[in-house]
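Descriptive structure summary
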Amino acid sequence: MSNQRSQHGQWSSRFVFILAATGSAVGLGNIWKFPYMAGENGGGAFVLVYLLCIAVIGVPIMMGEILLGRRGRGSPVTSMQRVSVSESAPKGWVLLGFNGMLAGVLILSFYSVVAGWAMEFVYATASGQLADAKDGAWLDGLFQSPGRLLFWHSLFMVLTTVVIVFGVEKGLERAVKFQMPLLALMLLVLMGYSATTPGFAQGMHFLFDFDFSKLGPEAILAAMGQAFFSLSLGMGAIMVYGAYLDSEASIAKTSFAIAAFDTTVALVAGMAIFPLVYSHGLEPGAGPGLVFVTLPLAFAQMPAGIFLGTLFFSLLTLAAWTSAISLLEPVSAWFVERFGWTRRMAALVPALLIWALGVPCALSFNMLADSTIVGKTFFDLLDYATANVMLPLGGVLIALFVGWQMRSHSVAEELAWDSQSASFKIWLWLLRVVAPVAVMLIFLNAIGVLSF
Ligand code: TRP
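Here's what I pulled together on the structure shown here. Counting restarts for each chain, with residues numbered from 1 along the sequence as it is written. Given that the model is predicted, a residue must reach a pLDDT of at least 70 before its local features are reported, and side-chain atom pairs must reach 80 or more before they are shown or counted; all residues, however, enter totals for whole chains, interfaces and linings. Calculated side-chain values reflect all of the structure's heavy atoms, with hydrogen atoms and water omitted.

Think of it this way: any DSSP run of H or I at least four residues long counts as a helix, any run of E at least two long counts as a strand, and we number them from the N terminus. Scanning the protein from terminus to terminus reveals 19 helices and 0 strands. The reference for a compact globule is 2.2 Å times residues^0.38; the radius of gyration itself is calculated from the C-alpha atoms. For the protein, the C-alpha radius of gyration of 21 Å lies close to 22 Å, the compact-globule estimate for 452 residues. Dimensions of the protein along its principal axes, counting C-alpha atoms only, are 65 × 50 × 40 Å. Only protein chains enter the accessibility calculation, which uses a 1.4 Å probe. A residue is then buried if its area is under 20% of the maximum for its type, exposed if over 50%, and partly exposed in between. Looking at the 452 residues of the protein, the share that counts as buried comes to 61%. Within the protein, residue pairs in contact and separated by at least 24 positions form 82% of the contacts whose partners lie at least 6 positions apart. To measure how exposed things are, a 1.4 Å probe is used in the Shrake-Rupley method; for residues, cover is taken only from the protein chains shown. Of the accessible surface of the protein, which amounts to about 16600 Å², a share of 68% is contributed by carbon and sulfur atoms. Computing the positive centroid from 22 side-chain charges and the negative centroid from 24, the protein places the two 11 Å apart. Contacts are residue-level and defined by heavy atoms, with any inter-residue pair within 4.5 Å sufficient. Neither His nor the chain ends contribute to the count of charged residues, in which Lys and Arg are positive and Asp and Glu negative. Charged groups are reduced to one reference atom each: NZ for lysine, CZ for arginine, CG for aspartic acid, CD for glutamic acid.

As structure tokens, then:
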């Protein structure tokens, strides 16, 4: 087993790793993206495919990704290099690491813009102004203001960079320790409130009744992409976090815990939001603004709504923050390893690039709204290309590498699993065959539709 530590430091315990990995997984993907995607793709059937993808593709790949990181003890590129050497695999596998770091850069550039919306809503709620705004008016106003969008995007990138500069123990751990439990609690309160509104039953039917006629190949691809996005899989974020994990921790149990918590948060967010959609006569398919239009309606009517609303959007910002650092960490760790830079430089350089890419993302809602490529704004294009193409591709490569390139005794050893046990064999089969085939089929199916 890999007993050495990474040069970037190490988590102080397995519990902290779970917090950090959960901090990475739980973010805007759960609270902003999952509900609006479910809304746009018809609800229940999308949710079912999403859950299947988490269980059958996501969890097995997550175990593979953590184990690669822990064995390689470095950034995705370095880990892939080291493990390829020790497993006598072709050098080309480092491309998997580069694909991941690029995906991280692209994701963070639009992610930071959305995190900025959450920050704007902290301000709007705390100052009491949101309570007086008409449905959705505040978000519309924000979208029409490039200056405000860019201001929050810039501030969020500064916050993210600062944590990366401080490094693993001091920066990342502190950020994740207190906010996760509080966020979960807030979502439960919101769900409790939504359960008292007249649209509750309708909202639940929307989320949990399967209507397969609404489920086209594009929606299936979107559900799979969302599973990767939500679990932070396929780009090396979880791999680099695995690199900071001590050798004793059980990778299998840890992966289940992370996936279970992540999925619960997404479902609870959906259960808080969709009853409100129906109670207020809104459209489930309203798009990316959904959470920012619906939840303020709840806060407007709850006792202590201003306080609870401010708390909620603050926690959402924090959740985005703990996810964002996992998008930047892989590339920063690589700059430190490759060029011997200080953490400060290694954080700052990619952060500037990401910031710059974020500018056209922010402008996609106003000045550049009509400049589309294949019918998508720059923002939508980055979102689509990363979640639906780059992450699944990275995930399949991880599955193939761990499943076929690594010796199964190294794999079993790293997982501390008996390679003859039935559970190990099932996992290996999911990784070798089921996950890659499922991803390819879903992908080809969607492409086929595009060309016919
Ligand atoms: N999973 C996070 C969310 O749901 C986003 C995220 C963080 C991510 N790190 C990632 C997505 C790595 C893909 C890959 O908000």
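In this section: the nonpolar core. Throughout this description, the term nonpolar core refers to a set of buried Ala, Val, Leu, Ile, Met, Phe, Trp, Tyr and Cys residues connected via side-chain atoms within 4.5 Å. Of all hydrophobic cores here, the largest spans 166 residues; its most connected members are W117, F292, F312, V402 and W427. Beyond its immediate sequence surroundings of up to four residues, F292 is in contact with W32, V114, W117, A118, F121, L139, F313 and L316.

Taking 1.5 Å per residue as the helical rise, helix α2 (residues 28-40) with its 13 residues ought to reach 18 Å, and the 17 Å between its terminal C-alpha atoms agrees with that figure. Maximal helix bending in α2 amounts to about 35°, located at F34; proline P35 follows within four positions. Counting buried residues along α2, 12 of its 13 residues qualify, which places the element largely inside the surrounding structure. Taken as a whole, α2 has its buried residues at L28, G29, N30, I31, W32, K33, F34, P35, Y36, M37, A38 and G39. Backbone geometry just downstream of α2 places G42 in the positive-phi region, at approximately 90°. To estimate how far a helix should reach, multiply one less than its number of residues by 1.5 Å. Think of it this way: the bend at a residue is just the angle between two axes, each fitted to seven residues, one set ending at that residue and the other starting at it.

The next point concerns empty space enclosed by the protein. Of the two site types, the cavity is a set of points on a 1 Å grid over the protein atoms alone where a 1.4 Å probe fits but cannot get out, and the pocket is an open set with protein on both sides within 12 Å along at least five of seven lines, each lined by residues with an atom within 4 Å of a point. Grid points are joined across faces, edges and corners, and a volume is the space filled by probe spheres set on the points. Taken as a whole and judged by the stated rule, the model has 1 cavity of 30 Å³ or more. By volume, the largest cavity amounts to about 140 Å³. Taken together, 14 residues form the lining of the largest cavity, with S24, I107, F229, S232 and L327 sitting closest to its centre. Contributing elements (two or more residues each) for the lining of the largest cavity: α1 (14-25), α5 (94-126) and α15 (305-339).

To continue, consider the packing of α5 against α15. At a minimum axis distance of 8 Å, the contact between α5 and α15 shows a crossing angle of 160°. One way to sum up the angle between α5 and α15 is to call them roughly antiparallel. Crossing geometry of α5 relative to α15 is assigned as left-handed. Each residue gets one label: Ala, Val, Leu, Ile, Met, Phe, Trp, Tyr, Cys and Pro are nonpolar, Asp, Glu, Lys and Arg are charged, and the others, such as Gly, are polar. Looking at the contact of α5 with α15 residue by residue, the classes come out as 22 nonpolar, 7 polar and no charged. The convention used is that axes are lines fitted to C-alpha atoms, helices contributing only their stretch in contact, and that angles between N-to-C directions extend from 0 to 180 degrees. Each angle is binned into one of four classes, with values under 35 degrees roughly parallel, values over 145 roughly antiparallel, values of 65 to 115 roughly perpendicular, and all other values oblique. By definition, turning the near helix anticlockwise from the far helix through less than a right angle yields a left-handed crossing, and turning it clockwise yields a right-handed one.

Bringing the packing of helix α4 (residues 76-86) against α5 into the picture now. Close contact between α4 and α5 brings their axes to 7 Å; oriented N to C, the two are set at 170°. Of the possible angle classes, the one that applies to α4 and α5 is roughly antiparallel. Of α5, the residues touching α4 (which contributes P76, V77, M80 and Q81) are V94, L96, G97, F98 and M101. Looking at side-chain class alone, the contact of α4 with α5 contains 7 nonpolar, 2 polar and no charged residues.

This part takes up unusual backbone geometry. Of all residues except glycine, most have a negative phi; of all peptide bonds, most are trans. Even without glycine at this site, A304 takes up a positive phi of about 60°. Here the phi dihedral of A416 falls at roughly 55°; this positive angle occurs in a residue that is not glycine. One can find A416 in the loop between α18 (408-415) and α19 (422-451).

A few words on the site of the ligand. In the vicinity of the ligand lie 17 residues, with A25, G29, Y111, F229 and S232 positioned nearest. In this structure, L28 approaches the ligand through a main-chain N or O atom, which is 3.1 Å from an oxygen atom. About the coverage of the ligand: the protein hides 100% of its 360 Å² of free accessible area. For this analysis, a molecule is said to be in a pocket or cavity if more than half of its atoms are within 2 Å of the grid points defining it. Judged by its atoms lying within 2 Å of the grid points, the ligand is housed in the largest cavity. Distances are taken per atom, and a residue is near a molecule or strand as soon as one of its heavy atoms is within 4 Å of it. Counting of polar contacts relies on pairs of N or O atoms within 3.5 Å, with two restrictions inside protein: one atom must be capable of donating a hydrogen and the other of accepting it, and residues adjacent in sequence are counted only when both atoms are side-chain atoms.

A separate point is the pattern of salt bridges. By convention in these notes, a salt bridge is any Lys or Arg side-chain nitrogen within 4 Å of a carboxyl oxygen on Asp or Glu. Going through the model one piece at a time under the given rule, you end up with 8 salt bridges. Residue D383 pairs with K33 through a salt bridge whose shortest N-O separation is 2.8 Å. Linking D383 in helix α17 (residues 378-405) with K33 in helix α2, this pair joins segments that are 350 residues apart in sequence. You'll find D383 and K33 in the same group, each marked buried. Residues R71 and E414 are paired through a salt bridge, measuring 2.5 Å at the closest nitrogen-oxygen approach.

Counted as a void, the largest pocket has a volume near 340 Å³. Lining the largest pocket are 16 residues, with Y36, M37, E40, D383 and Y384 positioned closest to its centre. Grouping the constituent residues of the lining of the largest pocket by class yields 6 nonpolar, 4 polar and 6 charged.

Our focus in this paragraph is the side chain of D262. Mapped onto the elements of the fold, D262 is located in helix α13 (residues 251-279). Of the buried charged residues, D262 lacks a salt bridge, with K33 as the closest side chain of opposite charge at 12 Å. Not counting residues up to four positions away in its chain, the partners in contact with D262 are A25, V26, N30, Y50, S230 and L231.

Our next topic: the environment of A259. Of note, A259 is situated in helix α13. By relative accessible area, which is 4% here, A259 ends up buried. Each C-alpha atom of the pair A259 and A133 lies 37 Å from the other, and the pair is 126 residues apart in sequence. Excluding residues within four positions of it along the chain, A259 makes contact with I54, V59 and L231.

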